[in-house]
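Residues per chain, in single letters:
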Amino acid sequence: MLNCREVVASATDYLNDDLPPLRRLRLRFHLLICRHCRRFLRQIQLTSATVARLTETTLSPDDIERQARRLRQHRQHQPLTGDPPKPLD
Ligand SMILES: [Zn+2]
């Protein structure tokens with residue numbers, strides 16, 4: 001079974017279906033028992049979907065600055081641990 005750090009390192013390949021079958025299976029087993037990594041992967045999926053939508057939408061500079069400020073504030077409140085980042089509210 002993979003640990004949380006290995007799941008984070010493999011997250012993009014997992015979501016792009018680029019992992020070798022055994023590693024994919026080990027990652028999925030980890031996800032069964034780790035709600036933090038499930039949330040982390042869900043956050044990546046939401047971010048990817050949002051970015052895809054942003055390419056179709058034009059944001060004002062104020063909207064971009066507001067989102068950047070929100071992300072900076074979220075990061076500042078994250079504890080410095082080896083755990084995957086917690087999702088935005
Ligand atoms: Zn985990």
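What you see is a predicted model; the values in this text were computed from it and never measured.

A. Looking closely at the packing of helix H1 (residues 4–15) against helix H3 (residues 35–54). The geometry of H1 relative to H3 is characterised by a closest axis approach of 10 Å and an angle of 35 degrees between their N-to-C directions. Considering the relative orientation of H1 and H3, their crossing is right-handed. Here Cys4, Val7, Val8, Ala11 and Leu15 of H1 lie close against H3, whose contacting residues are His36, Cys37, Phe40, Leu41, Ile44 and Gln45. In terms of residue class, the contact of H1 with H3 is built from nine nonpolar, two polar and no charged.

B. Main features of unusual backbone geometry. The phi angle at Asp17 is positive, at roughly 60 degrees, despite the residue not being glycine. Summarising the element assignment, Asp17 is placed in the loop between H1 and helix H2 (21–33). Residue Asp17 is classed as exposed on the basis of its C-beta count, with 7 C-beta atoms lying within 10 Å.

C. Inspection of the environment of Leu2 at higher detail. Within the secondary structure, Leu2 sits in the segment before H1. Taking C-alpha positions, Leu2 is 6.0 Å from Arg26, a pair spaced 24 residues apart along the chain. Apart from residues lying up to four places away in sequence, Leu2 is in contact with Val7, Arg26, Leu27 and His30.

Scoring rules and cut-offs
- Residues numbered from 1 in each chain as written.
- Predicted model: local features only at pLDDT ≥ 70, side-chain atom pairs only at ≥ 80, totals over all residues.
- Axes fitted to C-alpha atoms, helices over the stretch in contact; angles between N-to-C directions.
- Helix = DSSP H or I, 4+ residues; strand = E, 2+ residues; numbered from the N terminus.
- Left-handed = near helix turned anticlockwise from the far one by under 90°.
- Contact = placed C-beta atoms within 7 Å.
- Nonpolar A, V, L, I, M, F, W, Y, C, P; charged D, E, K, R; others polar.
- Buried ≥ 20, exposed ≤ 12 C-beta atoms within 10 Å, placed from the backbone.

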